[in-house]
Amino acid sequence: MVALATGCAAQPSGKPAAVKPHAAAPAIKPWLLPEQRANHDKYYARRATHFGYLPVGSDDIIMLGNSLTDGAEFHELLNNPHVKNRGIVGDIVQGLIDRLDPIVDGHPSKIFILCGVNDVSHDVGADSIARAMEKLIVLIKQRSPQTRIYLQSMLPFNNDVQLWKYLKDREHVVVEGNALLEQVAKRNGATWINLYPLFDDGTGRLKAQYTNDGLHLMGAGYIVWRDAIAPYVAE
């Protein structure tokens, strides 16, 4: 695992970036199914614009991702008030790129990224997911070069617990995508954190004891995730 070297932050240590609105309400995303659009887009807009007004400082640690990230109180799990959640249900890698400004403008100490399974459900291939993730990482490095980047693998899902029809027979894309994402991390000096084996039941499915819907995590699953990243948060 290769970590980016740290440097002096643009902001004085511990001083938050100026609070200013960055994020406009996003347009309805074309990949959302018609029956999902209204409620999802309203939630996405609420969450994204809220983040646009929240300060990010040079001591902060950002958790960036989709519903898996959105569902956790990481600052409490990690007992660290500098940990800030920037996850949004349903997000894809391009969505992270689109809402990056208020994060990198604050020059956070670290960014932990986990995203991709929604891309998989939209019939996006592993290579396209990896290319989008590389674009995101390059942008972070350009805009906030002192920020240390931690790229986490996609987690398995389990269609035996509940069928996600748009993920049906797509388990191999997660595996192939993770192999490419690891290369992206190494190529760009980010730290690779392979969470997948911790959640794999041995058949390529998310362990049933960690989920009640086959995709999202129950409390015990978040403890596994916390324990995996805690050393990186503390370093």
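Preceding this paragraph is the structure being described.
Residues numbered from 1 in each chain as written. Predicted model: local features only at pLDDT ≥ 70, side-chain atom pairs only at ≥ 80, totals over all residues. Heavy atoms only, no water.

## Considering the packing of aromatic side chains
To keep it simple, the criterion reads: Aromatic contacts are taken between Phe, Tyr and Trp rings whose centres are within 6.5 Å, Trp giving its six-membered ring; a plane angle under 30 degrees counts as stacked, one over 60 as edge-to-face, and the others as tilted. Only DSSP runs of H or I covering at least 4 residues are called helices, and only runs of E covering at least 2 are called strands; the numbering of each starts at the N terminus. Categorising residues by exposure relies on relative accessible area from a 1.4 Å probe, with only protein chains included: less than 20% of the type maximum marks a residue as buried, more than 50% marks it as exposed, and the intermediate range marks it as partly exposed.
Under the criterion given, the structure shown has six aromatic pairs. On the basis of an interplanar angle of 80° and a centroid distance of 5.0 Å, the ring pair of Phe74 and Trp225 is categorised as edge-to-face. Note that Phe74 is positioned in helix 3 (residues 74–77) and Trp225 in helix 10 (residues 219–234), a separation of 151 residues in sequence. Of the residues examined, Phe74 reaches a relative accessible area of 1% and is grouped as buried.

## Thoughts on helix 8 (residues 171–187)
How we decide: Residue count minus one, scaled by 1.5 Å, sets the expected span of a helix. It is the directions from the helix axis to the C-beta atoms whose arc is reported. For this analysis, residues touch if any pair of their heavy atoms sits within 4.5 Å.
With 17 residues, helix 8 extends 25 Å from end C-alpha to end C-alpha; this agrees with the ideal 24 Å at 1.5 Å per step. For helix 8, the complete set of buried residues consists of Val173, Val174, Gly177, Asn178, Leu181, Val184 and Ala185. Take helix 8 and look down its axis: the buried residues cluster within an arc of 135°, on one side only. The secondary structure elements touched by the buried residues of helix 8 are helix 6 (117–121), helix 7 (126–143), strand 4 (148–152), strand 5 (191–193) and helix 9 (196–199).

## Digging into unusual backbone geometry
Glycine aside, a negative phi is what most residues show, and trans is what most peptide bonds show. The backbone of Asn79 sits at a positive phi, close to 50°, despite the residue not being glycine. In this fold, Asn79 is placed in the loop between helix 3 and strand 2 (83–87). Overall, the relative accessible area of 70% leaves Asn79 in the exposed class.

## A few points about the side chain of Lys84
In plain terms, the rule: Residues adjacent in sequence count toward polar contacts only when both atoms are side-chain atoms; beyond that, a polar contact is any pair of N or O atoms within 3.5 Å, and within protein one must be able to donate a hydrogen and the other to accept it.
Residue position: Lys84 is located in strand 2. Its relative accessible area of 19% is what places Lys84 among the buried residues. At 2.8 Å, the side chain of Lys84 forms a polar contact with the backbone oxygen of Pro55.

## Let's talk about the nonpolar core
Heads up, the rule is: The criterion is simple. A nonpolar core is a set of buried Ala, Val, Leu, Ile, Met, Phe, Trp, Tyr and Cys residues joined through side-chain atoms within 4.5 Å.
In this structure, Leu64, Ile113, Met133, Leu136, Ile140 and Leu151 are the most contacted members of the largest nonpolar core, which totals 36 residues. Only strand 1 (61–65), helix 4 (93–98), helix 5 (101–104), strand 3 (110–114), helix 6, helix 7, strand 4 and helix 8 provide two or more residues apiece to this core. Element by element, the count of residues in this core is highest for helix 7, at eight residues. Beyond its immediate stretch of four places on either side in the chain, Leu151 contacts Ile113, Met133, Ile137, Leu181, Ala185, Thr191, Trp192 and Ile193.

## Observations concerning the packing of helix 7 against helix 8
Worth spelling out the cut-off: All axes are obtained by fitting lines to C-alpha atoms, using only the stretch in contact for helices, and the reported angles, taken between N-to-C directions, cover 0 to 180 degrees. Should an angle fall under 35 degrees it is called roughly parallel, over 145 degrees roughly antiparallel, and 65 to 115 degrees roughly perpendicular, with every other angle called oblique. Crossing handedness: left-handed means the near helix sits turned counterclockwise from the far one by under a right angle, and right-handed means the same turn made clockwise.
Remark: helix 7 packs on helix 8, axes separated minimally by 8 Å, with the N-to-C direction vectors making an angle of 30°. Classified by the interaxial angle, the pair formed by helix 7 and helix 8 is roughly parallel. The hand of the helix 7/helix 8 crossing is right-handed. Where helix 7 approaches helix 8, its residues Ala126, Asp127, Ile129, Ala130, Met133, Glu134 and Ile137 are matched on the opposing element by Val173, Glu176, Gly177, Leu180, Leu181, Val184 and Arg187.

By themselves, these observations are geometric and do not establish any function.
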